[in-house]
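Understanding the architecture of this molecule
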Amino acid sequence: MKNGEINNTTPIENMREILNGAYSVNTVNDWSVIVIGSNLEIWELFCPKEGSYLLPSRADQTLIAKVFNNDGSVSCMVVKIGQTAICVSQPCKIEIQKLNTKNSVNNE
C-alpha cells in the first residue's frame, strides 16, 4: 500500500500493513478489487454504456457508490444489503469503498 491513514486509534496490525504494503488487486465480474489489509476493499469499474453491472460480491452491508460520469458530473448511489448489481444511466466510473467490520464490537 502506497498510502494510508494512521492515527491514535489505528490498530498496530493495520499500521504494519500500511508500512509493509500489504495489498492485492483482483478482477471480479470486470471490477478491479483492491484489498488493503484485512479492513478495506476498494471496488472500481469503468462502465462503457448505460445498464446493469454485477457487483464483485453480494453486498453484506450498506455501501455508497461514487459515480463519476463521462459528462463531468459526480453522484452517489446507495448499494443496499443483499444487492448483487448496480444500474447506471450513462457511461461512468464507479468506485465503492467497503470497510470490513468483522472486528468491530457489534459484529463479534
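Section: the nonpolar core
Formed by 17 residues in total, the largest nonpolar core has its most connected members in Trp-31, Val-79, Ile-86, Ile-94 and Ile-96. If we ignore the near neighbours within four places in the chain, the residues touching Trp-31 are Asn-26, Trp-43, Glu-44, Leu-45, Leu-54, Leu-55, Pro-56, Ile-86, Ile-94 and Ile-96.

As for the confidence of the model for the chain
A low pLDDT score tells you not to read the predicted coordinates there in detail. In the predicted model, the chain carries a mean pLDDT of 85, and 82% of its residues have values of at least 70. Scored below 50 in pLDDT, residues 104-108 makes 4 contacts in the model with residues more than four places away or belonging to other chains.

Some remarks on the sheet that holds strand β1 (residues 23-28)
Spatial ordering of the open sheet is given by β1-β2-β3-β8-β5-β6, a layout of 6 strands whose pairing is antiparallel. The two strands at the open ends of the sheet, each matched to only one other strand, are β1 and β6 (74-79). If you compare each strand with its neighbour and ignore which way they point, the axes differ by 20° on average. Sheet topology places strand β5 (residues 63-69) next to β6; 6 bridges connect them, and they run antiparallel. Across the sheet, residue Phe-68 finds its bridge partner in β6, namely Val-74.

Basis of the calculations
- Counting of residues starts from 1 at the beginning of each chain's written sequence and follows it residue by residue.
- Local features in a predicted model are, by the rule used here, given only for residues with pLDDT of at least 70; side-chain atom pairs are given and counted only at 80 or more, and totals for whole chains, interfaces and linings are based on all residues.
- To obtain the side-chain values, all non-hydrogen atoms of the structure were used and water was disregarded.
- The definition of a nonpolar core used throughout is a set of buried Ala, Val, Leu, Ile, Met, Phe, Trp, Tyr and Cys residues joined through side-chain atoms within 4.5 Å.
- Accessible area is worked out with a 1.4 Å probe on protein chains only. A residue is then buried under 20% of its type maximum, exposed over 50%, and partly exposed in between.
- Any two residues whose heavy atoms approach within 4.5 Å at even a single point are treated as in contact.
- Per residue, pLDDT captures the predictor's confidence, and it can take any value from 0 to 100.
- We call two strands paired when DSSP finds no fewer than two bridges between them.
- Strands here are runs of E lasting at least two residues and helices are runs of H or I lasting at least four, both read from the DSSP assignment and numbered beginning at the N terminus.
- Fitted lines through C-alpha atoms serve as axes, helices being fitted only where they are in contact, and the angles separating the N-to-C directions of these axes extend from 0 to 180 degrees.

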